[in-house]
Amino acid sequence: PAPEPCGPLPNERQIKWYNDEIIAFFHFGINTFENNVNEGDGRAGTFIFNPTALDCRQWTGTLKSAGIPAGILVAKHADGFCNWPSAYTDYCVKNSPWRNGKGNLVKEYAEACRADSIGMGLYLGPHDRHEHLSPLYTKQRYEDYYANQLTELLTDYGPVYEIWWDGAGADELTISMYTRWYNIVRRLQPECVIFGTRNSYCFADVRWVGNESGIAGNPCWSTINPESIRDENDNRITLNHGEVNGSAYIPAESDVSIRPSWFYHSYEDKDVKTVKQLWDIYCNSVGHNSVMLLNFAPDRRGLVPAQDSINAAGLRKMIDDTFGNNLLTGASVKSLHQRGKQYAPKNLIDNLSKTYYASKDSNMTDSIVFDLKSPVTFDCLMLQEVIQLGHRTTRWSVDYSVDGKKWEKIPETENLQSIGHKWIVRFDPLKAKKVRLCILDGKACPALHTFGIYKQAILP
Ligand code: IPT
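Notes on the structure follow. Given the structure is predicted, the values throughout are model-derived calculations rather than measurements.

Considering the overall build of the protein
In step 1: From N to C terminus, the protein includes ten helices and 17 strands.
In step 2: Here the C-alpha atoms of the protein give a radius of gyration of 23 Å, agreeing with the 23 Å that 2.2 N^0.38 yields for 460 residues.
In step 3: Taking the principal axes of its C-alpha atoms as reference, the protein extends roughly 75 × 45 × 35 Å.
In step 4: When contacts within the protein are restricted to residue pairs at least 6 apart in sequence, those whose partners lie at least 24 apart make up 75%.
In step 5: In the form shown here, the protein has an accessible surface area of approximately 17,900 Å², with 50% of it arising from carbon and sulfur atoms.
In step 6: Across the protein, the centroid of the 49 positively charged side chains sits 6 Å from that of the 54 negatively charged ones.

Structure (structure tokens):
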């Protein structure tokens, strides 16, 4: 029989989200048309919103070339300007010159996503400075306003992949407000992932990683005590690492922009993250049991600038060229505590999605030796747990042998703890005839999906 699951487990939404690995953000709105603004104060005139060549298929085309399966559009940022013609405010595209006030960015974006098979996510900033300026503002009035807009967005544009509840400025939003909004999400979009922070902590499918640089901690557990999300100011490090004995399964999403800012500024054209920088981020987010949420900033034309698209595609090539060739393929594999025929150690290198290796229930530790026919040179390794069965292994490392007799530890694998969806380690090139995966401690017998060693592709 299969191993029993261990501890808090992922739901269907989280499993799908993990397997998507990289998702995109699109920060575009009235801020794009101001100089040097990323957090508008809600006073900018609607007449400035006027992209000259907006084309959402160009955005989704960027994602396709980068192998990014989903993207989250900012429908309304903290400035309160709505990129769709909301029935509940005048502070929106209908009072802009764009498409003579007949434009609807959310609709165009949703259609582009559908045409290119990209998951369509939406950011509806819970904090709204424009509404706050109104003399009629009350918390109750705002709760209704947000509920109405959420209902518009989750009703009119098809399936929504993820909804993003930014914690920035969210100080006065209460659990009771989020409870109402949460019920709308779950009623209208049962499969929608919720990014939750602060007082939306109890509804979060995924948590903030604690920084905006795309770096998940080592270790990075998918489990955490939800109160650590609520009290994020005191718990940045905890968000970054998770908690090995946390009571809930709420994995970390690593949001990072391909440029210094979230919104477009022409003076940052020279600061687009290079493929090397994106590769480092990928290895430290996806490769640290997180998901990489990569922001694009369409410019005043309404297009993703060329360099940004090129670099994102370059990242995809690095990933595919590196991980497309597991150098352990064809090795003979032996383990100490194999569970049974169905859970054979060779499942670790079979490149199949359903099969995995598992040890006997009584064994929290194991040793799995890969014997290569001839020595290989590698500078990267990757390990995956069966996330459906929960976090199990809590300490592991990797040894290698040049002559097949004497073993040495790969120093960068000393003190590794979490595995989860994917763990990647990079190091200076090593030559080995044998490689040994050492499972040193755990809460339950190991259940491992894939293990591989690789030579990193050459950066452009
Ligand atoms: C920060 C929020 O406090 C946090 O809840 C999360 O939404 C995060 O943003 C997303 O990046 S605020 C930011 C200025 C660090």
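Re the pairing of strand β16 (residues 423-442)
In step 1: The pairing of strand β13 (residues 366-385) with β16 spans 13 bridges and is classified as antiparallel. Paired with Val369 across the strands is Arg436, a residue of β16.
In step 2: Note: strand β14 (residues 393-401) against β16, eight bridges, orientation antiparallel. Across the sheet, Ser397 pairs through a bridge with Cys438, a residue of β16.

Thoughts on the sheet that holds strand β10 (residues 291-296)
In step 1: Spatially, the eight strands line up as an open sheet ordered β5-β4-β3-β2-β1-β10-β9-β6, and their pairing is parallel. Of all strands in the sheet, those bounded by a partner on one side alone are β5 (193-195) and β6 (207-208).
In step 2: Taken together, the two bridges between β6 and strand β9 (residues 252-257) define a ladder with parallel strand orientation. For Trp208, the partnering residue across the bridge sits in β9 and is Glu253.
In step 3: On top of the sheet, helix α1 (residues 12-20) reaches β1 (22-26), β4 (162-164), β5, β9 and β10; it is set at about 90 degrees to β1, its chief contact.

What to know about the pattern of salt bridges
In step 1: Scanning all chains against the criterion turns up 31 salt bridges.
In step 2: Across the pair Asp271 and Lys270 runs a salt bridge, and its minimum N-O distance is 3.6 Å.
In step 3: Between Arg301 and Asp299 there is a salt bridge, and its shortest N-O distance comes to 2.7 Å.
In step 4: Where salt bridges share partners, they join Arg13, Arg186 and Asp205 into one cluster.

Details of the packing of helix α9 (residues 275-285) against helix α10 (residues 306-323)
When two helices pack together, you describe them by how their axes are tilted relative to each other and by the distance separating the axes.
In step 1: Put simply, α9 and α10 touch, their axes get as near as 9 Å, and they point 55 degrees apart. One element, α9, and the other, α10, form an angle in the oblique class. Handedness of the α9/α10 crossing: right-handed. In contact with Val275, Leu278, Trp279 and Tyr282 of α9, α10 contributes Asn311, Ala312, Gly314, Leu315, Met318, Ile319, Thr322 and Phe323.
In step 2: When grouped by side-chain class, the residues that make up the contact of α9 with α10 number nine nonpolar, three polar and no charged.

Here we look at the environment of Asp20
In step 1: Here Asp20 is to be found in helix α1.
In step 2: The exposure class assigned to Asp20 is buried, which follows from its relative accessible area of 15%.
In step 3: Setting aside residues no more than four positions away along its own chain, Asp20 makes contact with Pro69 and Tyr161.
In step 4: Side-chain polar atoms of Asp20 contact the side chain of Lys16, separated by 2.9 Å.

Section: the site of the ligand
In step 1: Around the ligand, the neighbouring residues are Trp164, Asp166, Gly167, Ala168, Phe195, Thr197, Trp208, Glu212, Glu232 and Asp255.
In step 2: Between the ligand and Trp208, the relevant distance is 3.2 Å, taken from an oxygen atom to a side-chain nitrogen or oxygen of the residue.
In step 3: In this structure, an oxygen atom belonging to the ligand sits 2.5 Å away from a side-chain N or O atom of Asp255.
In step 4: In isolation the ligand has 390 Å² of accessible area, and contact with the protein removes 79% of it.
In step 5: Grouping the constituent residues of the shell around the ligand by class yields four nonpolar, two polar and four charged.

Some remarks on the state of the cysteines
In step 1: In the structure shown here, the tally under the stated rule is zero disulfides.
In step 2: Free cysteine: Cys92, not disulfide-bonded; nearest cysteine sulfur from Cys82 at 6.0 Å.
In step 3: No disulfide involves Cys192; its sulfur sits 13 Å from the nearest other cysteine sulfur, which is in Cys113.

Conventions we followed
Counting from 1, residues in each chain are numbered in the order their sequence is written. pLDDT decides what is reported in this predicted model: residues at 70 or higher carry local features, side-chain atom pairs at 80 or more are listed and counted, and totals for whole chains, interfaces and linings draw on all residues regardless. Each side-chain value is derived from all of the structure's non-hydrogen atoms; neither hydrogens nor water enter the calculation. Note on conventions: DSSP H or I runs of at least 4 residues are helices, E runs of at least 2 residues are strands, and numbering of each starts at the N terminus. C-alpha atoms define the radius of gyration, and 2.2 Å times the number of residues to the power 0.38 defines the globule rule. Any two residues whose heavy atoms approach within 4.5 Å are treated as being in contact. Here the accessible surface of atoms and residues is derived via Shrake-Rupley with a 1.4 Å probe, and residues count as covered only by protein chains that are part of the display. Neither His nor the chain termini are counted; the positive set is Lys and Arg, and the negative set is Asp and Glu. Charged side chains are reduced to one point each, which is NZ for Lys, CZ for Arg, CG for Asp and CD for Glu. DSSP calls a pair of strands paired once it identifies at least 2 bridges connecting them. Every axis corresponds to a line fitted to the C-alpha atoms, with the helix fit spanning only the stretch in contact, and the corresponding angles, defined between N-to-C directions, vary from 0 to 180 degrees. A pairing counts as a salt bridge when a side-chain nitrogen of Lys or Arg comes within 4 Å of a carboxyl oxygen of Asp or Glu. The labels follow the angle: roughly parallel below 35 degrees, roughly antiparallel above 145, roughly perpendicular from 65 to 115, and oblique for the rest. Note on convention: near helix rotated counterclockwise from far helix by under a right angle means a left-handed crossing. Clockwise means right-handed. Nonpolar residues are Ala, Val, Leu, Ile, Met, Phe, Trp, Tyr, Cys and Pro. Charged residues are Asp, Glu, Lys and Arg, and all others, Gly as well, are polar. Burial status follows relative accessibility: with a 1.4 Å probe on protein chains alone, a residue under 20% of its type maximum counts as buried, one over 50% as exposed, and anything between as partly exposed. The definition of a polar contact used here is a pair of N or O atoms within 3.5 Å, where within protein one atom must be able to donate a hydrogen and the other to accept one, and adjacent residues in sequence count solely through side-chain atom pairs. Whether a residue is near a molecule or strand depends on its heavy atoms: if one lies within 4 Å, it is near. The disulfide criterion is simple: two cysteine sulfur atoms within 2.5 Å.

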